[in-house]
Amino acid sequence: MWVEDLIRERIRSLNLSFEDSEIHRLIADIKRWTLKNYADKLLKTADGSCTLFSGKYGEPYHSVTAGAVTESIYKFLIPSGLLNTNKKSIKILDIGFGLGYNVTVALYHIKQKNPEIYVEVISFEKNLLAEIPPLPAPYEKFHELILSLVPYGEKEGIKFTLLEGDARLRIKEVKSFKADAVFHDPFSPYKNPELWTLEFLNEIKKRMDQKGIWVSYTSSSAVREALKRLGFRVGSSTPVGRKSSGTVASLKGKIPPLSQKEEEKLKRSPYSIPFRDPDLQRLPIEILIDYRISVLLREKQKHGA
Ligand SMILES: C[S@@+](CC[C@H](N)C(=O)[O-])C[C@H]1O[C@@H](n2cnc3c(N)ncnc32)[C@H](O)[C@@H]1O
């Protein structure tokens, strides 16, 4: 009932009026998207590595069908281009540290390829876990090293900082950092919308090198549209463990383009509207309600209503 009241109140405050059937569809979608409390549990993924299922978000931390390590390598490290850099020193922004798998796997391979490289990482995490499942060989030692650097430390050519709390607030403390790569890995947009908004992505943009590459597993039209509106070139990474591709974006760096089908979808889908959070402090459900209302208005406009 609480969700329904919130939705009806928002529609009233925006002076909008919809048919009952439209409001029912809206309510059903928001209920489907919003969080349910399940139990946390340990899961085995397709490549043999483990991950956690988050009861709070109703999703696993990594793709179970692709494999946790496989996802880190193929959806984050390789599309970021960091393995091919000839820079002596690189910077990474890591949104959603979670179990530290993306950071560990990336740093392990970057250092294997170029032991002299200096890497600076800033990670964000709202709920730092007390117990983290270990990564399998060959990553276990490196995982221990990274976890030993939490929340701040420097060792073996790695400078690591973890900013605990809501990334929307903590990112403002990051000054003069120009990331070569951003690993954008919150839970999915409907479960964790506050980290996928136009405004939060703009905060990230301000902290990226012009040639830096933003990477994520999502193929969400809302997110791709937000990146485009912020002036990013948007492309897709090779699908792993599912049909849709991940997303890559850069202001001036080289990235593979979106396919024609993906470009068409972005132009035509009523869901290609950014999530909005003007003051970077709205509740996730408020972001979702306004998003779903915008989608409905766009659908109606299309059908000439
Ligand atoms: C999919 S998991 C990240 C997995 C991680 N990248 C890894 O490789 O292990 C998403 C993470 O984002 C964190 N998160 C969600 N909302 C957040 C927020 N507002 N600020 C900071 N972290 C947040 C969650 O607590 C969770 O750990």
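## Things to note about the overall build of the protein chain
Next, step 1: In terms of regular secondary structure, the protein chain is built from 10 helices and 11 strands.
Next, step 2: A compact globule built from 305 residues would reach a C-alpha radius of gyration of about 19 Å, and the protein chain, at 20 Å, matches this within 12%.
Next, step 3: Projected onto its principal axes, the C-alpha coordinates of the protein chain cover approximately 60 × 40 × 35 Å.
Next, step 4: Every one of the 305 residues in the protein chain was classed for burial, and the buried ones make up 39%.
Next, step 5: The long-range share in the protein chain, meaning contacts at least 24 apart out of those at least 6 apart in sequence, stands at 69%.

## What to know about the site of the ligand
Next, step 1: Looking at the ligand, there are 21 residues lining it, with Gly96, Gly98, Leu99, Tyr101 and Lys126 nearest.
Next, step 2: Elements with a contribution of two residues or more to the shell around the ligand: helix 4 (101–113), strand 5 (118–125) and helix 6 (167–170).
Next, step 3: Split by residue class, the shell around the ligand holds nine nonpolar, six polar and six charged.

## Topic: the packing of helix 3 (residues 68–80) against helix 4
Next, step 1: Where helix 3 contacts helix 4, the axes come no closer than 9 Å and their chain directions differ by 70°. Taken as axis vectors, helix 3 and helix 4 run roughly perpendicular relative to one another. Helix 4 is crossed by helix 3, and the crossing has right-handed handedness. Together, Ala68, Val69, Ser72, Ile73, Phe76 and Leu77 of helix 3 and Tyr101, Asn102, Val105, Ala106 and His109 of helix 4 make up the contact between the two elements.
Next, step 2: Of the residues that constitute the contact of helix 3 with helix 4, the class distribution is eight nonpolar, three polar and no charged.

## Describing the nonpolar core
Next, step 1: Among the nonpolar cores identified, the biggest contains 68 residues, and Leu107 and Val182 are the most heavily contacted of them.
Next, step 2: Looking at which element gives the most residues to this core, the answer is helix 4, with seven residues.
Next, step 3: Aside from chain neighbours lying at most four places away, what touches Val182 is Leu93, Ile95, Ile204, Met208, Gly212, Trp214 and Val215.

## Notes on the sheet that holds strand 1 (residues 41–44)
Next, step 1: Pairing is antiparallel in the open sheet, where three strands are placed in the order 1-2-3. Edge positions in the sheet fall to strand 1 and strand 3 (59–60), since each of these pairs with one other strand and no more.
Next, step 2: Relative to strand 2 (residues 50–54), strand 1 runs antiparallel, the two being bridged by four bridges. Its bridge partner being in strand 2, Lys44 is matched across the sheet by Cys50.

Conventions used here
Residues numbered from 1 in each chain as written. Predicted model: local features only at pLDDT ≥ 70, side-chain atom pairs only at ≥ 80, totals over all residues. Helix = DSSP H or I, 4+ residues; strand = E, 2+ residues; numbered from the N terminus. Rg over C-alpha atoms; globule rule 2.2 N^0.38 Å. Buried ≥ 20, exposed ≤ 12 C-beta atoms within 10 Å, placed from the backbone. Contact = placed C-beta atoms within 7 Å. Near = placed C-beta within 6 Å. Nonpolar A, V, L, I, M, F, W, Y, C, P; charged D, E, K, R; others polar. Axes fitted to C-alpha atoms, helices over the stretch in contact; angles between N-to-C directions. Parallel < 35°, antiparallel > 145°, perpendicular 65-115°, else oblique. Left-handed = near helix turned anticlockwise from the far one by under 90°. Core = buried A, V, L, I, M, F, W, Y, C linked by C-beta atoms within 7 Å. Pairing = 2+ DSSP bridges.

Any functional reading would require information beyond the geometric quantities listed.
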